[in-house]
Amino acid sequence: MDSGALGGAAAAPALDLAGRTFTYAELDRAVDEWIDRYPPGPRGYDASPLPVAEALVCICAAARLAVRVAVEDPAARPHRSAWPAEAFLLVATSGSTGRPRPLARTAASWYDSFPVFTEITRVTSQDRVLLTGPLHATMHLFGALHALWSGACVTDDPARATVVHAVPAVLRELVPRAPRLRTAIVAGIAADPGALAAARHLRVVEYYGASEVSLVAAREVPAPLRVLPAVETRIRERMLHVRSPYTVLGAPEWFCVGDIAELGDDGELRVHGRGEAVINVGGTTVVAEDVERVLGGIDGVAVAAVIGSPHAVFGETITAAVQLDGTDIDEVRRRARGLLTREAMPRRWVPVREMPTTAAGKIARGRLKDLLV
């Protein structure tokens, strides 16, 4: 598949970002002009510090020339000891549990998954696809490049968007400002009841993956999560391992994603959360993300996050950080008692003004622990 190809008709809108618009013909010319004006260096291009529109032009130029392009957080660049010759994208993990780790992708490891992603999401050339985070967060970069491959328009204007890529917390806040939305594409973390309630009039597509392996499974809510046809999965010691054509360079044949999961006999994939977010309460395993989904569904809770706190008797107990919106912590605690098991019930509650998150909008657990410990 030609990773340098743009999917839209010449006069169709391609970019609508920060008040600037490009048709596909104008974008195509801008890519050629970029190549003429900025010949790539020995390590290719660096789109990291650029505004989104210029960054996408730069990335398309790299694809057209088949050279590397870095799309990293300028404030937290990962250390790189090598620049693989076959790499197209130099990106990084989200950094939700620590400093971002460097990753390198071939063009095929993303572009070859675009047809199946199109079948799942039904994004067409008539759509305006809203980005809700920076390009160095891989879910947003993936969404933008897929939109351009599909001939859709990439936009930052919620009022005109018909499709959005967002984590659940962002989706919940966005929906009232996006009257034309028809599809919400959710990733990064499973959608909580509050986000699904806000998007109840939309078609919600949820996909599961990781920066290292791209797409693994997807569903249209409320259907079960199903592994993609080209991807194989297995469980070893409760951890999910993936064999996929969409993995990053240097990944082993079977890559351990780090998530605790189950595979049903019917092919259903149930993901319980990242292994680092597992809390052992008196011998009972509590998955942080399961508790967060319950707390996030309580009216008046904007965002909830939980961590394990050391305990002399139980080993660990649950500490909950809660960002409130129109209620008080005592009411949240009262309602939580009827929804959670004794082991999963937080013993310590900490109201926070703003939850620490990564650039992708996921909870930054490392920073959260620093705040709460």
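About the thresholds
Residues numbered from 1 in each chain as written. Predicted model: local features only at pLDDT ≥ 70, side-chain atom pairs only at ≥ 80, totals over all residues. Heavy atoms only, no water. Pairing = 2+ DSSP bridges. Helix = DSSP H or I, 4+ residues; strand = E, 2+ residues; numbered from the N terminus. Axes fitted to C-alpha atoms, helices over the stretch in contact; angles between N-to-C directions. Buried < 20%, exposed > 50% of the residue type's maximum accessible area, 1.4 Å probe, protein only. Polar contact = N/O pair within 3.5 Å; in protein donor to acceptor, adjacent residues only side chain to side chain. Parallel < 35°, antiparallel > 145°, perpendicular 65-115°, else oblique. Contact = heavy atoms within 4.5 Å. Nonpolar A, V, L, I, M, F, W, Y, C, P; charged D, E, K, R; others polar. Salt bridge = Lys/Arg side-chain N within 4 Å of Asp/Glu carboxyl O. Disulfide = S-S within 2.5 Å. Core = buried A, V, L, I, M, F, W, Y, C linked by side-chain atoms within 4.5 Å. Phe/Tyr/Trp six-rings, centres within 6.5 Å; stacked < 30°, edge-to-face > 60°. Lys NZ or Arg CZ within 6 Å of the ring centre and 35° of its normal. Expected span 1.5 Å × (residues − 1). Arc of directions from axis to C-beta.

Q: Could you clarify how one ought to interpret the pairing of strand β15 (residues 239-243) in this entry?
A: Residues in a regular strand point their side chains to alternate faces of the sheet. Bridge count between strand β14 (residues 232-236) and β15: five bridges; the pairing is antiparallel. Bridging from a neighbouring strand, threonine 233 pairs with valine 242 of β15. Hairpin connection, β14 to β15: the antiparallel pair is bridged by two residues, and glutamate 237 has positive phi, about 50°. The sheet contact formed by β15 and strand β16 (residues 255-263) spans three bridges and is antiparallel.

Q: What should I look at first to understand the sheet that holds strand β17 (residues 269-274) in this one?
A: In space, the four strands of this open sheet follow the order β14-β15-β16-β17, with antiparallel pairing throughout. Two strands lie at the open edges of the sheet, namely β14 and β17, each paired on one side alone. Between one strand and the next, the sheet's axes are offset by a mean angle of 50°, whatever the strand orientation. Two elements, β16 and β17, share five bridges in a ladder whose sense is antiparallel. Looking across to β17, one finds that aspartate 259 is bridged to arginine 274.

Q: Would you mind going over the side chain of serine 48 with me for this structure?
A: Position of serine 48 among the secondary structure elements: in the loop between β3 (45-46) and α2 (52-65). Overall, serine 48 belongs to the buried group, its relative accessible area being 9%. Here the side chain of serine 48 touches aspartate 46 through a polar contact of 2.7 Å, side chain to side chain.

Q: Could you clarify how one ought to interpret the packing of helix α4 (residues 114-121) against helix α5 (residues 138-150) in this entry?
A: How two helices sit against one another is set out by the angle between their axes and by the gap between those axes. It is at 11 Å that the axes of α4 and α5 come closest, and there the two elements cross at 90°. Between α4 and α5, the interaxial angle falls into the category roughly perpendicular. Where α4 abuts α5, its residues Phe114, Pro115, Phe117, Thr118 and Thr121 lie against Phe142, Leu145, His146, Trp149 and Ser150. Here the contact of α4 with α5 is composed, by residue class, of six nonpolar, four polar and no charged.

Q: Looking at this structure, I do not really get the environment of proline 224. What am I missing?
A: Positionally, proline 224 belongs in the loop between β12 (214-220) and β13 (226-227). A residue is classified by how much of its surface remains accessible, and proline 224, at 33% relative accessible area, is partly exposed. When the C-alpha positions of proline 224 and proline 42 are compared, they lie 46 Å apart, and in sequence the two are 182 residues distant.

Q: How do you make sense of the pattern of salt bridges when you look at a structure like this?
A: Pairing is possible between side chains of opposite charge, provided their charged atoms come close. Applying the stated rule across the entire model yields 20 salt bridges. Residue arginine 243 is joined to glutamate 253 by a salt bridge in which the shortest nitrogen-to-oxygen separation is 2.4 Å. Taken together, the residues span a long stretch of sequence, with arginine 243 in strand β15 and glutamate 253 in the loop between β15 and β16 at a distance of 10 residues. On the accessibility criterion, arginine 243 (26% relative accessible area) is partly exposed. Residue aspartate 330 is joined to arginine 333 by a salt bridge in which the shortest nitrogen-to-oxygen separation is 2.7 Å. Residue aspartate 330 and its partner arginine 333 are located together in helix α9 (residues 329-337), separated by three residues, close to a single helical turn. By relative accessible area, arginine 333 is classed as partly exposed at 22%.

Q: Can you walk me through the state of the cysteines in this structure?
A: Two cysteines, two sulfur atoms, one covalent bond between them: this is a disulfide. All chains considered together, the criterion is met by zero disulfides. Cysteine cysteine 58 shares no disulfide, and the gap to the nearest cysteine sulfur, in cysteine 60, comes to 9.3 Å.

Q: Explanation requested: the nonpolar core in the structure shown.
A: In globular proteins that are soluble, nonpolar side chains generally tend to be buried together. Of all hydrophobic cores here, the largest spans 74 residues; its most connected members are Leu15, Ile59, Val69 and Leu89. Tallying contributions element by element places α2 first for this core, with 10 residues. Residue contacts for leucine 89: discarding those within four places in its chain leaves Ile59, Val69, Val71, Leu103, Ala104, Arg105, Trp110, Leu141 and Leu145. Counting residues in each nonpolar core, the second largest holds 21 residues, with Ala288, Ala304, Val322 and Met345 among its members.

Q: Teacher, can you tell me more about the environment of arginine 226 here?
A: Note on placement: arginine 226 falls in strand β13. Taking the relative accessible area as the measure of exposure, arginine 226 reaches 34% and is therefore partly exposed. For arginine 226 and glycine 264, which are 38 residues apart along the polypeptide, the C-alpha to C-alpha distance reads 9.9 Å. Setting aside chain neighbours within four positions, we find arginine 226 in contact with Val216, Ala217, Ala218, Asp266, Gly267 and Glu268.

Q: In this structure, what is going on with the packing of aromatic side chains? I would like to understand it.
A: Any pair of aromatic rings gets described here by the distance separating the centres and the angle formed by the planes. Considering all chains together, one arrives at eight aromatic pairs under this definition. With centroids separated by 4.6 Å and ring planes inclined at 55°, the aromatic side chains of tryptophan 34 and tyrosine 38 adopt a geometry described as tilted. You can call tyrosine 38 partly exposed: its relative accessible area is 38%. Ring plane angle 85° and centroid distance 5.3 Å describe the contact between tryptophan 110 and phenylalanine 142, whose orientation is recorded as edge-to-face. Of this pair, tryptophan 110 sits in helix α3 (residues 108-111) while phenylalanine 142 sits in helix α5, and the two are 32 residues apart along the sequence. Like phenylalanine 142, tryptophan 110 is buried. We note arginine 43 situated over the ring of tryptophan 83; from NZ or CZ to the ring centre the distance is 3.6 Å.

Q: What is the right way to read helix α1 (residues 24-37) from this model?
A: Since there are 3.6 residues in each turn of an α-helix, residues three or four apart along the chain are aligned in direction. Helix length check: α1 (14 residues) gives 20 Å between terminal C-alpha atoms against 20 Å at 1.5 Å per residue, within 8%. Residues Tyr24, Leu27, Ala30, Val31, Trp34 and Ile35 constitute the buried set of α1. Projected onto a plane normal to the axis of α1, the buried residues spread over an arc of 135° and lie on a single side. Of the exposed residues in α1, the ones pointing more than 90 degrees away from its buried face are Asp36 and Arg37. Where α1 is buried, its residues touch β1 (13-17), β2 (20-23), β3, α2 and α5.

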